[in-house]
Amino acid sequence: MEKILDRFLRYVAVDTQSDEESESQPSAEKELNLLRMLRDELQALGVEATLDEYGYVMGRIPANIDKKVPVVGFIAHVDTSPDASGADIKPQIIPDYDGSDIPLKGVPGLLLKTAEFPELLAHKGETLVTTDGTTLLGADDKAGVAEIMDTVQYIMAHPGFRHGEIRIGFTPDEEIGRGVVKFDVAKFGADYGYTMDGGEAGELEFENFNAASASVRIQGSNVHPGYAKGKMRNALHIAQEFDGLLPVNQRPEYTQDYEGFFHLISLKGSVEEAQFSYIIRDHDRAKFEQKKQIVARCADFINERYGAGTATVTVKDQYYNMREQVEPHYHVVEKAVRAMEMAGVKPRIQPIRGGTDGANLSFRGLPCPNIFAGGLNFHGKFEWVTVENMEKAAAVIRNLITLYAE
C-alpha cells in the first residue's frame, strides 16, 4: 500500500494551476493530467470511476452491508491557485521537526520563521513538508486528494471494513470560483458530502462568506499634458479616487472572524482608460448586499462628478453562505465532530474566511461541510503541511464512513 506522503508528493509534482482568464472548463488543459491519473488510479483499485467532459472525476464504491444507510461523498479539488506558480514544485521534507526556523533553500536567505508562523511550534516532532520558496506547495488541495485516495486504498484492501455506499469526487477550478459550476449533483448521487479542503487539524466549517466580484471600468480623457488644463480626465487618478471612497477599515488586512471586506485584486490602465476589480465578502447576507450597494453608489458619485459613463461597474455573485443549507441537516456536522474525536483530534468549528466547493454544492441540494486537510499558509511560498495532519484527516474520513454505516 502506498504511503500517504508518497502519494501526496506524486500529486504535487503535477502542475494543475487554474487560469482565471480562461473561459474553458476546466480552465487549464493541464488540470486534466492529474484528473486522468486519479480516474485511472481509482479504476486500478477496483472502483467504478469516470471523468466527464468538464473535468469532474466521480467514483462509486458499493455498500458491503445489508441495511440502507445514507450515501456519503468526499470531495477535493485538484487545481492550485493562480496566486503563485504551481510548476516544478520542489518539496522539502523535514522529519522530526525540532521547532527551529526552516530555510527555504530555493531562495537564499528566505526562512519559514516561527516568529511569523508560531503554529509551526505545535508540530515539533512531526514530519513537515514545505516549499523551497520558489513556488506554492499544493497542499491546497492535493492534501485533500491524497487523503481521500488513501482512504479508498484502505477500503479496497480491507473488505472487512463495513461501509455504506460511498462517492468520490475530484474537481477542477475551485481556486477561481468555478469548481462545481457544471458538477452533476444528481449523477454524483450522494445524500451528504464533505469537502476535504480546510487547514489545520481540527478545523470544521459549515459557514462561509457570501461572495461577489466587482469589475470597474473608468473612461478617462487623454489630452497632451502641456495643454490639459480643464480638459484631461486621468482615468488612473479617478480609479484611485473610486477606491478611496470605499471604507478603509473594511479591507482584508483590517478584518477577522465574521467581518467582511472589499479587496482590490487588480488594477491596470492608462490616462485614457483604467480597469480594476474587487472581491466582496461578508458572512452576513444583509451586510453583503449593502457592500454591493456601496460599490454602486461609488460609481454614481464618480459619474456625477466627472460625467455620465465615466465609471461602469459589473457585480456578479459567486457563492453564498452554506450555513442556511447545512444547519437543517446538522447531524452532518455532529458526525464530523465525533469522527475527529475518534481520531484523537480536537474539533474546532469556525467560519471559513473564504469559500469551498461545498458552499455551491450545499445550495444545489448536497449539504457539504468542510473538513481540515492539514495544510497552512495556502497560495504562497510559505505553504506547508505535516504528514501527521494528513494521516489524521484520512482517519477522520474512515471514521465518518463507519459512523454513517452505523
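Provided above is the structure to which this section pertains.
Residues numbered from 1 in each chain as written. Predicted model: local features only at pLDDT ≥ 70, side-chain atom pairs only at ≥ 80, totals over all residues. Heavy atoms only, no water.

Enquirer: It is not clear to me how the side chain of Thr151 should be interpreted in this structure. Could you clarify?
Expert: With respect to the secondary-structure elements, Thr151 resides in helix α3 (residues 139-157). From its side chain, Thr151 meets the backbone oxygen of Glu147 in a polar contact 2.9 Å long. Excluding residues that lie within four positions of it along the chain, Thr151 makes contacts with Ala394, Ile397, Arg398 and Ile401. (Helix = DSSP H or I, 4+ residues; strand = E, 2+ residues; numbered from the N terminus. Polar contact = N/O pair within 3.5 Å; in protein donor to acceptor, adjacent residues only side chain to side chain. Contact = heavy atoms within 4.5 Å.)

Enquirer: Hey, could you run me through unusual backbone geometry in this one?
Expert: Here Gln25 and Pro26 are connected by a cis peptide whose omega angle stands at -5°. As for its position among the elements, Pro26 is in the loop between α1 (4-12) and α2 (31-44). The amide bond that connects Asp140 to the next residue, Asp141, takes the cis arrangement and shows omega of 10°. Along the chain, Asp141 turns up in helix α3. Residue Asp257 is not a glycine yet carries a positive backbone phi of 50°. With respect to the secondary-structure elements, Asp257 resides in the loop between α5 (235-245) and β12 (261-269). The backbone of His379 shows a phi angle near 75°, a positive value even though the residue is not glycine. With respect to the element layout, His379 can be found in the loop between β17 (375-376) and β18 (384-386). Residue classification places His379 among the partly exposed residues on the basis of a relative accessible area of 29%. (Buried < 20%, exposed > 50% of the residue type's maximum accessible area, 1.4 Å probe, protein only.)

Enquirer: How should I be thinking about the sheet that holds strand β8 (residues 166-171) in this particular structure?
Expert: Across a sheet, paired strands are connected by hydrogen bonds in the backbone, their directions being either parallel or antiparallel. Taken together, eight strands build an open sheet; the order of strands is β1-β2-β8-β3-β9-β16-β10-β15 and the sheet is mixed. Every other strand in the sheet has two partners, leaving β1 (48-51) and β15 (348-349) as the edge strands with one partner each. Sitting on the sheet, α2 is in contact with β1, β2 (57-61) and β8, with an inclination near 165° to β1. Packed on one face of the sheet, α3 meets β2, β3 (72-77), β8, β9 (192-198) and β16 (370-372) and runs near 140° to β3. (Pairing = 2+ DSSP bridges. Axes fitted to C-alpha atoms, helices over the stretch in contact; angles between N-to-C directions.)

Enquirer: What am I meant to see in the packing of α1 against α2 here?
Expert: Axes are the key here: two packed helices are described by the angle between their axes and the distance separating the axes. As a packed pair, α1 and α2 sit with axes 10 Å apart at the nearest point and diverge in direction by 145°. For the pair formed by α1 and α2, the contact residues are Arg7, Arg10 and Tyr11 on the first element and Leu34, Met37, Leu38 and Glu41 on the second. Here the residues of the contact of α1 with α2 sort into four nonpolar, no polar and three charged. (Nonpolar A, V, L, I, M, F, W, Y, C, P; charged D, E, K, R; others polar.)

Enquirer: Mind showing me how you'd approach the environment of Asp83 here?
Expert: With respect to the secondary-structure elements, Asp83 resides in the loop between β3 and β4 (92-94). For Asp83, the side chain forms a polar contact with the side chain of His379, separated by 3.4 Å.

Enquirer: Sorry if this is basic, but what is going on with the pairing of β8 here?
Expert: Two faces, one strand: in a regular strand the side chains alternate between the faces of the sheet. β8 sits mainly inside the fold: six of its six residues count as buried. Side chains of β8 alternate between two faces, with Ile166, Ile168 and Phe170 and Arg167, Gly169 and Thr171 buried alike. Note that β2 and β8 share five bridges and pair antiparallel. Bridge pairing links Val57 to Phe170 in β8. Across six bridges, β3 lies against β8 in parallel orientation. The residue bridging His77 from the neighbouring strand is Thr171, located in β8.

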